[in-house]
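Spelled out from the first residue to the last, the chains are:
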Amino acid sequence: MPHAIETRQLTKTYGSLKAVDSLDISVDPGEIFGLLGPNGAGKTTVVSMLCTILKPTSGSATVNGFDIVREANKVRKSIGIVFQDPSIDDRLTGRENLFMHANLFGVPASEQKERINRILKLVELEDRADDLLRTYSGGMRRRLELGRGLIHYPKVLFLDEPTVGLDPQTRDHIWKYIKELKQTHDITVVLTTHYMDEADRLSDQIAIMDHGKIVVLDTPQKLKETLEGDVITVRANNIQALSDLVNKWLGLNQTHIVDGALEITVRSGKAVMPRIMELATQNSIYVESILLREPNLEDVFLHYTGKSIREDTSKELHGASAARRRAIK
Amino acid sequence: MSEVRGFYTLWLREIKRFYRDRTRLVTSFIQPLLWLVIFAAAFATRFVLPANLNYQQVILPGIIGQTLLFTAMFMGINVIWDKEFGFMKEILVAPISRFTIFLGKMVGDSTDALLQGIIVFVIGLALGIPISPITFLYALPIMLLITFGLVSIGLVIASFMGNLEGFGAIQTFVNLPLFFLSGALFPLKGGSLPSWLTAVAAWNPLTYGVDALRNVTLGAAWTPLQIQPLWIDIGVVAFFDGIMIVVGTWAFTRMK
């Protein structure tokens with residue numbers, strides 16, 4: 001079976017900055033492919049190139065067998081896109097937005113009405129279809145955008161950070177739709193996200209991206225299994241000293257300090273925990289708490305990139321925007 | 001076929017948005033009324049006109065031209081709005097050509113501007129300005145022709161601009177010179193205007209638009225004061241439209 005998406009050494013540079021660096025991925029038809037990475041990792045740039053919005057600096061890619069540069073129009077006809085930022089006309093009604101999309105994407109006039117009714121039903125907006133978009137909530141707008149991306153029966157659907165800024169309930173709702181869509185419409189989904197749980201819940205395959213490169217690519221399950229073992233989180237009064245001690249004792253650099261706590265990845269957490277307590281007591285370090293859990297994607301990310309995804313996003317914000325972000329938090 | 005449907009849907013969108021913006025429709029009555037009543041009353045005696053023409057008759061086509069110009073330029077704001085609120089992306093990734101996108105927006109905005117122009121025409125008739133209502137039919141296609149080029153100016157500028165404030169500043173910078181130098185408020189010929197003014201006005205496309213409107217609405221009474229015969233006026237305006245459509249398509253092609 002041909003790949004739904006295939007990239008060969010796909011690269012995008014801005015001056016000296018390599019936003020996307022020699023990307024080689026292939027996505028099989030019918031799978032949900034998650035691109036996971038911190039803000040600025042290059043996820044949106046990848047999606048923009050695959051959607052023919054940006055031209056690659058070098059390398060090539062095909063979507064549904066069409067070249068993204070030479071056959072851009074055919075690519076566009078065969079894909080649906082839900083952008084990271086809202087892209088609907090809030091002075092039109094939901095139904096009008098959908099009709100406009102159907103016309104722009106060449107859906108036969110005779111089928112438009114029926115398809116739009118079905119989409120409205122799917123995203124549960126039938127009763128609000130004739131209200132202006134400006135009266136919709138954030139979650140409703142997002143649902144309409146999701147539905148809109150499907151009207152022209154795309155074979156590949158791109159979702160760029162589909163749930164940013166939505167409340168947990170709405171996120172749950174949207175995730176449900178994405179899974180449903182994949183099953184009922186038999187489409188391939190490319191999802192970018194910097195939410196671990198989102199990538200974990202939805203993706204069949206996850207590619208972790210950092211600095212324009214794919215660091216690792218596998219199923220969520222396998223990624224977690226590669227860490228083979230447990231994660232121990234220790235809070236103590238002298239984290240750095242404890243970290244050095246544990247590293248020395250384990251003989252490996254398997255610790256990270258995340259949000260002021262020491263995280264240690266080991267094969268058998270139960271056996272190691274008492275020894276950590278011992279090390280701490282012998283060196284008069286006071287342990288506030290110690291926790292044992294199975295590794296999650298956050299740990300996988302930490303393992304492969306050496307940093308926490310949250311830590312990284314806050315570092316990238318400087319000055320005014322950082323202050324604003326902090327104020328919101 | 002899909003290009004035609006794309007064009008239609010983009011055109012329709014501009015009409016719907018315009019129609020729903022009631023405040024703009026209502027306020028669009030006020031400004032021309034002020035010009036035609038107050039300004040015309042104050043300045044009527046300043047200009048020497050042939051006995052068979054009164055000043056209100058002369059500035060009505062000028063005020064129509066002004067309304068077309070201001071409305072057309074204002075339409076550029078929609079592009080910036082679309083860019084800022086993301087809707088432009090939805091249009092730009094659609095599988096239709098940038099020429100169609102530009103044309104759909106341009107003709108849609110022109111239709112809106114034309115409606116404003118029609119309102120001014122009707123106000124003029126309601127004020128009892130002696131103009132034969134039948135000339136309305138001749139004026140209509142000319143008004144549309146005028147707006148194509150003017151809307152294009154607004155769209156081209158907007159496609160380069162990142163924010164509303166900047167566009168507002170540039171808009172005034174374009175609007176007022178084009179307006180004052182078009183002869184909208186005074187005949188360019190027959191008076192004692194400084195030669196530099198008439199020379200600059202000769203390079204203003206709106207000069208020929210306003211002249212064309214006067215040629216059809218005032219008929220033979222305007223002939224002694226006309227800049228060019230009607231067919232040359234129309235030729236100049238159409239030529240300008242052609243250039244602006246090419247420039248506009250180019251500007252939309254490079255927009256991301």
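Rules used in this analysis
- Residue numbers here run from 1 along each chain, matching the order of that chain's written sequence.
- Here every chain gets a letter starting at A, and every ligand a number starting at 1, in the order they are written.
- It should be noted that, the model being predicted, local features are given only for residues of pLDDT at least 70 and side-chain atom pairs only at 80 or more, the latter also being counted only at that level, while totals for whole chains, interfaces and linings use all residues.
- Helix numbering and strand numbering both begin at the N terminus, where a helix is a DSSP run of H or I of at least 4 residues and a strand a DSSP run of E of at least 2.
- For this measure, only C-alpha atoms enter the radius of gyration; the expected value for a globule follows 2.2 Å times N^0.38, where N is the number of residues.
- Around each residue's C-beta, the other C-beta atoms within 10 Å are counted; 20 or more make the residue buried, 12 or fewer make it exposed, and counts in between make it partly exposed. All C-beta atoms are placed from the backbone.
- We call two residues in contact when the distance between their C-beta atoms, placed using the backbone, is within 7 Å.
- A score from 0 to 100, pLDDT tells how confident the predictor is in each residue.
- Two strands qualify as a pair provided that DSSP identifies no fewer than 2 bridges between them.
- Helix axes are fitted only over the stretch in contact, all axes being lines through C-alpha atoms; the angle between N-to-C directions runs from 0 to 180 degrees.
- Residues were grouped as follows: Ala, Val, Leu, Ile, Met, Phe, Trp, Tyr, Cys and Pro as nonpolar; Asp, Glu, Lys and Arg as charged; and all remaining residues, including Gly, as polar.
- Working definition: the nonpolar core is a set of buried Ala, Val, Leu, Ile, Met, Phe, Trp, Tyr and Cys residues, joined through C-beta atoms within 7 Å.

**Thoughts on the overall build of chain B**
Thinking step 1. Assigned secondary structure in chain B consists of 10 helices and 0 strands.
Thinking step 2. Put simply, chain B runs from its N terminus to its C terminus through helices and strands in the order α-α-α-α-α-α-α-α-α-α.
Thinking step 3. Whereas a compact globule of 256 residues would reach a radius of gyration of roughly 18 Å, chain B reaches 18 Å, a difference of no more than 12%.
Thinking step 4. Projected onto its principal axes, the C-alpha coordinates of chain B cover approximately 60 × 35 × 35 Å.
Thinking step 5. Considering chain B as a whole, with its 256 residues, one finds that 46% of them fall into the buried category.
Thinking step 6. Here the analysis covers contacts within chain B between residues at least 6 apart in sequence; of these, 82% occur between residues at least 24 apart.

**Observations concerning the confidence of the model for chain A**
Thinking step 1. This prediction gives chain A a mean pLDDT of 85; 92% of its residues lie at or above 70.
Thinking step 2. Note on residues 311-329 of chain A: pLDDT is under 50 here. Beyond four places in sequence and across chains, it has 9 contacts.

**What about the sheet that holds strand 15 (residues 287-293) of chain A?**
All names here are of chain A.
Thinking step 1. Strand order in this open sheet of 4 strands is 13-14-12-15, and the pairing throughout is antiparallel. In this open sheet, the two strands that pair with only one neighbour each are strand 13 (255-258) and strand 15. Averaged over all neighbouring strand pairs, the angle between strand axes comes to 20°, with direction disregarded.
Thinking step 2. With 4 bridges joining them, strand 13 and strand 14 (residues 261-266) adopt antiparallel strand pairing. By the bridge assignment for strand 14, Ile257 is matched with Leu262.

**Let's talk about the pairing of strand 4 (residues 32-36) of chain A**
Residue and element names in this part refer to chain A.
Thinking step 1. Taken across its 5 residues, strand 4 has 5 buried, putting it largely inside the fold.
Thinking step 2. Alternating positions in strand 4 separate into two faces, Ile32, Gly34 and Leu36 on one and Phe33 and Leu35 on the other, with burial throughout.
Thinking step 3. Relative to strand 9 (residues 188-193), strand 4 is paired through 5 bridges, and the arrangement is parallel. Bridge assignment links Ile32 to a residue of strand 9, and that residue is Val189.
Thinking step 4. Summarising the sheet, strand 4 and strand 10 (residues 205-210) pair through 4 bridges and their orientation is parallel. The partner of Phe33 across the bridge, within strand 10, is Gln205.

**Observations concerning the interface of chain A and chain B**
Reports often express the size of an interface as the amount of accessible area lost when the parts come together.
Thinking step 1. Residue-level contacts link 19 residues of chain A with 19 residues of chain B.
Thinking step 2. For the side of chain A that touches chain B, the secondary-structure elements that each account for two or more residues are helix 2 (72-78) and helix 3 (94-104) of chain A.
Thinking step 3. Tallied by class, the residues present in the side of chain A that touches chain B amount to 10 nonpolar, 4 polar and 5 charged.

**Notes on the sheet that holds strand 7 (residues 79-82) of chain A**
Residue and element names in this part refer to chain A.
Thinking step 1. Spatial strand order, 7-8-9-4-10-11: 6 strands in an open sheet with mixed pairing. Edge positions in the open sheet fall to strand 7 and strand 11 (213-218), since each of these has one partner strand only. Adjacent strand axes in the sheet meet at a mean angle of 15°, parallel and antiparallel pairs treated alike.

**Quick word on unusual backbone geometry**
Thinking step 1. Positive phi outside glycine occurs at Asn64 of chain A, with the angle close to 55°.
Thinking step 2. Within the secondary structure, Asn64 of chain A sits in the loop between strand 5 (58-63) and strand 6 (66-67).

**Thoughts on the nonpolar core**
In summary, soluble globular proteins display a tendency toward joint burial of nonpolar side chains.
Thinking step 1. In terms of nonpolar packing, the biggest core is built from 133 residues, with Leu50, Val156, Phe158, Val189 and Val190 of chain A together with Ile59 of chain B touching the most fellow members.
Thinking step 2. Considering every element that reaches this core, the biggest residue donor is helix 3 (residues 55-84) of chain B, with 15 residues.
Thinking step 3. Filtering out sequence-adjacent residues up to four positions away, Ile59 of chain B remains in contact with Trp35, Leu36, Ala40 and Leu185 of chain B.
Thinking step 4. Counting residues in each nonpolar core, the second largest holds 11 residues, with Ile232, Val234, Val246 and Ile264 of chain A among its members.

**Examining the pairing of strand 14 of chain A**
All names here are of chain A.
Thinking step 1. In terms of burial, strand 14 is a largely internal element, 5 of the 6 residues being buried.
Thinking step 2. Here strand 12 (residues 230-236) runs beside strand 14; their pairing, made up of 5 bridges, is antiparallel. Note on strand 14: the bridge partner recorded for Val231 is Thr265.
Thinking step 3. Connecting strand 13 to the next strand, strand 14, in antiparallel fashion are 2 residues, including Asp259 with a positive phi near 50°.

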